[in-house]
Amino acid sequence: MSASGIALGAAPAIVAVRPQRVTLWSIVAKDWVTSIGVLFIILLCIIAIAAPWIAPFDPVRQNMMAMSRPPSAQNWFGTDRYGRDILSRVIYGTRPSLALGIAAPLLAGVFGTLIGVLAGYFGGWIDRVTGRLSDVLMAFPSLLIGIMIAAALGPGFTNLVVAIAFAFLPRFIRVARASTMSVRSEPYIDAAIAAGQTHTRILLSHVLPNISGPLVVVATLWVATAIRIEASLSFLGLGTQPPEPSWGNIIRDGLTEMLISPWSVISAGVAVTVCVLAFNMVGDAIRDLLDPQSKD
Amino acid sequence: MIVRRILDALITVFLVLTFVFVAMRVLPGDPAVAALGDYATAEQLAAFRERFGLNAPLWQQYVQFFVNIARLDFGTSLISGESIAMMLAVNLPYTIELSVVAMLIGIVIGVPAGVISARRRGKAADYIARVLALAGFCIPDFFLGALILIVFGLQLDMFPTMGGGTTFDERLYHLVLPAMTLGLIMAAFTSRLTRSALLEVLKRDYVRTARSKGIAEHWVIYRHALRNALIPVVTGFGIYILTMLSGSIAIELIFSRPGVGSMLVDGITARDYPMVQSGLLVFALFVVVVNFSMDVLYTLIDPRLRAGGGR
């Protein structure tokens, strides 16, 4: 692992050089810490998909006979103040976190690439305007932009995806723009123009394939941040709405009963932390493989 | 130089205000529905629109929005009917004192930790510092806050767990746990930044020259290397202060502290639209102010920028 500010909103290193191939295997085989991270992520995905079969109880079913219980053989993580099984809620909470962790960087990647490529390829005023706007957005921490948009759009999963994707947008615009500009100056682009190809065709068949590598890397680097922001926003009441469980709202819910039983707060909090840690480690490993310079 | 920065900041303020305006009025469709809920009657909605000038053409609302802000008129809360400007005057100091103390804790722990980490690179101390910093990166601030609250507030009962206090002593006492939470996260950022910046600088020729002259190692570090290493630390610091500020929203909620974050969250929960708007505005202005200060600080600690101009 190398020192980096990735998880926090600092710009990931722009990988302008064309990356060598990074296969899943090269990531797993990098070192044992990374392979644990990869295994954990695979495990999380299985838990998310198989939640209905794994979870011992219905995550939203209340049981007034078993409120705020400490961990026991029946309820491994205890129950919350409505008597709901905390383990089942944490298992189901994997779903919104992972779904958002993938959807938000993906959405930001698609739109950010589109804008960045157009700005980098055509230059001129389009470039100046997008440059200026993304500078302004970059000055804001992703979490704050997420809060602003989610507060304006209102709570809900789709709104959350849009909010977080918007927060990431300038990062993708920057990378896409910089990569496009370096590709733009290559002789084969001039050759394509001279051969009479349309801009659309050049963008699709020459520019996009050559810049996709760095963008995929940026996308993986932001998954951990997306999951953390999702937890924060759900905690603030802007994400997944109760009674549907998400790690953030389980913690919010647990605040009121922390004096009696801290189990829901601790279980969900550990889940977020470990999940973010795993994605961070794998993200760092991918970046180190592609850009060994950033390693210390 | 400074004039350009001020101009830049003003443009940003303008864009930010426009952004908040657009976010609050245009995006979700109808703020009246958003504020009153889906079950509001047509008359209630009409009255709401009338009261907040939402019937006027959009450009008029836009102009009015700027005029009101310039007059520090943020409207009144829909729930309590209080003037939001007054509420801000009461709540803002709590948020500012939390951020400033947290920032100090972050610097006091983070910079020395980063220096030790860089000096003993690869040794046990470096390893421990880096693992702790990584933990600080991955643990969500509100979860760390909850843990600290459970341990020091509830189990050990050493510090107050809610409120912000009124007298100076009380306020300081109430600050301990929330400021420690944000400060520790801040320390993780700072130590990582300091470490990598210092390692970068230690490779330079002038450090080698200083060492070859036989200057004591701690003198080389503090006098020659750290001063230069602080330049990238300060730039990185801006975004971390802001990350911490956005974290303060959740922390205020955890510790039931008064503050702008609490106002914002209360506003969101109660669908109190003027309150949400004002909360967002204040945080947006924080961003502009912090970035501006960082730019100025940057030119102060790096004389090359004052002489040459431009980065």
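Being a predicted model, the structure only gives us computed values, none of them experimental. (Residues numbered from 1 in each chain as written. Chains lettered and ligands numbered in written order. Predicted model: local features only at pLDDT ≥ 70, side-chain atom pairs only at ≥ 80, totals over all residues.)

1. Some words on the overall build of chain B
From N to C terminus, chain B includes 13 helices and zero strands. When the helices and strands of chain B are placed in sequence order, the string is α-α-α-α-α-α-α-α-α-α-α-α-α. Once the C-alpha set of chain B is aligned to its principal axes, its extents read approximately 85 × 55 × 35 Å. For chain B, buried positions account for 40% of its 311 residues. Once local pairs closer than 6 in sequence are excluded, the contacts in chain B between residues at least 24 apart make up 70%. (Helix = DSSP H or I, 4+ residues; strand = E, 2+ residues; numbered from the N terminus. Buried ≥ 20, exposed ≤ 12 C-beta atoms within 10 Å, placed from the backbone. Contact = placed C-beta atoms within 7 Å.)

2. Observations concerning the overall build of chain A
Broken down by element type, chain A carries 11 helices and zero strands. Shown N-terminal to C-terminal, the secondary structure of chain A runs as helices and strands in the order α-α-α-α-α-α-α-α-α-α-α. In chain A, which comprises 296 residues, the proportion classed as buried is 51%. Within chain A, contacts between residues separated by at least 24 positions form 72% of all contacts whose residues are at least 6 apart in sequence.

3. As for the interface of chain A and chain B
Taken together, the contacts link 40 residues of chain A with 39 residues of chain B. Listing elements by their share of the side of chain A that touches chain B, those giving two or more residues are helix H6 (142–153), helix H9 (199–235), helix H10 (247–255) and helix H11 (263–290) of chain A. A class-by-class count of the residues in the side of chain A that touches chain B yields 30 nonpolar, eight polar and two charged. (Nonpolar A, V, L, I, M, F, W, Y, C, P; charged D, E, K, R; others polar.)

4. Points about the environment of Gly213 of chain A
Residues and elements named next belong to chain A. Secondary-structure assignment places Gly213 in helix H9. When the 18 C-beta atoms within 10 Å are taken as the criterion, Gly213 is described as partly exposed. With 18 residues separating them in the primary sequence, Gly213 and Ala231 have C-alpha atoms 29 Å apart.

5. Remarks on the environment of Glu50 of chain B
Residue and element names in this part refer to chain B. Structurally, Glu50 is set in helix H3 (residues 42–51). Here Glu50 falls in the exposed class, since 11 other C-beta atoms lie within 10 Å of it. In this structure, the C-alpha to C-alpha distance between Glu50 and Pro303, residues 253 residues apart in sequence, is 55 Å.

6. Side note on the packing of helix H2 (residues 32–49) of chain A against helix H4 (residues 86–122) of chain A
Residue and element names in this part refer to chain A. For the pair H2 and H4, the least separation of the axes is 8 Å and the interaxial angle reads 110 degrees. Comparing the axis directions of H2 and H4 gives the class roughly perpendicular. Only Ile91, Thr94, Arg95 and Leu98 of H4 make contact with H2, whose side of the interface consists of Leu44, Cys45, Ile47 and Ala48. Among the residues forming the contact of H2 with H4, the class breakdown is six nonpolar, one polar and one charged. (Axes fitted to C-alpha atoms, helices over the stretch in contact; angles between N-to-C directions. Parallel < 35°, antiparallel > 145°, perpendicular 65-115°, else oblique.)

7. Side note on the packing of helix H7 (residues 157–184) of chain A against H9 of chain A
All names here are of chain A. As a packed pair, H7 and H9 sit with axes 9 Å apart at the nearest point and diverge in direction by 155 degrees. Of the possible angle classes, the one that applies to H7 and H9 is roughly antiparallel. Once H7 is placed against H9, the crossing between them reads as right-handed. Seen from H7, the contacting residues are Leu160, Ile164, Phe168, Arg171, Phe172, Val175, Ala176, Ser179, Thr180 and Val183; seen from H9, they are Val207, Asn210, Ile211, Pro214, Leu215, Val218, Trp222, Ala226, Ile229, Glu230 and Leu233. A breakdown of the residues in the contact of H7 with H9 according to their chemical character gives 16 nonpolar, three polar and two charged. (Left-handed = near helix turned anticlockwise from the far one by under 90°.)

8. A few points about H7 of chain A
Residues and elements named next belong to chain A. Counted at 1.5 Å a residue, the expected span for H7 with its 28 residues is 40 Å, and the 38 Å between its end C-alpha atoms agrees. The sharpest bend along H7 measures roughly 40 degrees and falls at Phe168, with the proline Pro170 sitting one to four residues further on. In terms of burial, H7 is a largely internal element, 22 of the 28 residues being buried. (Expected span 1.5 Å × (residues − 1). Bend = angle between axes of the 7 residues up to and from the residue.)

9. Observations concerning the environment of Gly156 of chain A
Position of Gly156 of chain A among the secondary structure elements: in the loop between H6 and H7. Separated by 75 residues in the primary sequence, Gly156 of chain A and Ala231 of chain A place their C-alpha atoms 13 Å from one another.

10. So, the nonpolar core
Counting residues in hydrophobic clusters, the biggest one holds 161 residues, and the most contacted among them are Ile147 and Ile164 of chain A together with Met186 of chain B. Tallying contributions element by element places helix H10 (residues 217–254) of chain B first for this core, with 17 residues. (Core = buried A, V, L, I, M, F, W, Y, C linked by C-beta atoms within 7 Å.)

11. Some words on the confidence of the model for chain B
Here chain B averages 81 in pLDDT, and 93% of its residues register 70 or above. Helix H5 (residues 84–119) of chain B holds the highest mean pLDDT among the elements of chain B, 90, whereas helix H13 (residues 303–308) of chain B holds the lowest, 64. (pLDDT = per-residue confidence, 0-100.)

12. What to know about H10 of chain A
Judged by how many residues are buried, H10 of chain A sits mostly within the fold: eight of nine residues are covered. Among the residues making up H10 of chain A, those that are buried are Trp247, Gly248, Asn249, Ile250, Ile251, Arg252, Asp253 and Gly254 of chain A. The elements touched by buried residues of H10 of chain A are H4, H9 and H11 of chain A together with helix H7 (141–155) of chain B.

13. Notes on the confidence of the model for chain A
Residues and elements named next belong to chain A. Across chain A, pLDDT averages 81, with 90% of residues at or above 70. Mean pLDDT values for the elements of chain A range from 70 in helix H1 (residues 24–28) up to 91 in H4. Contacts for the low-pLDDT stretch residues 1–19, under 50 throughout, to residues beyond four places or in other chains number 57 contacts.

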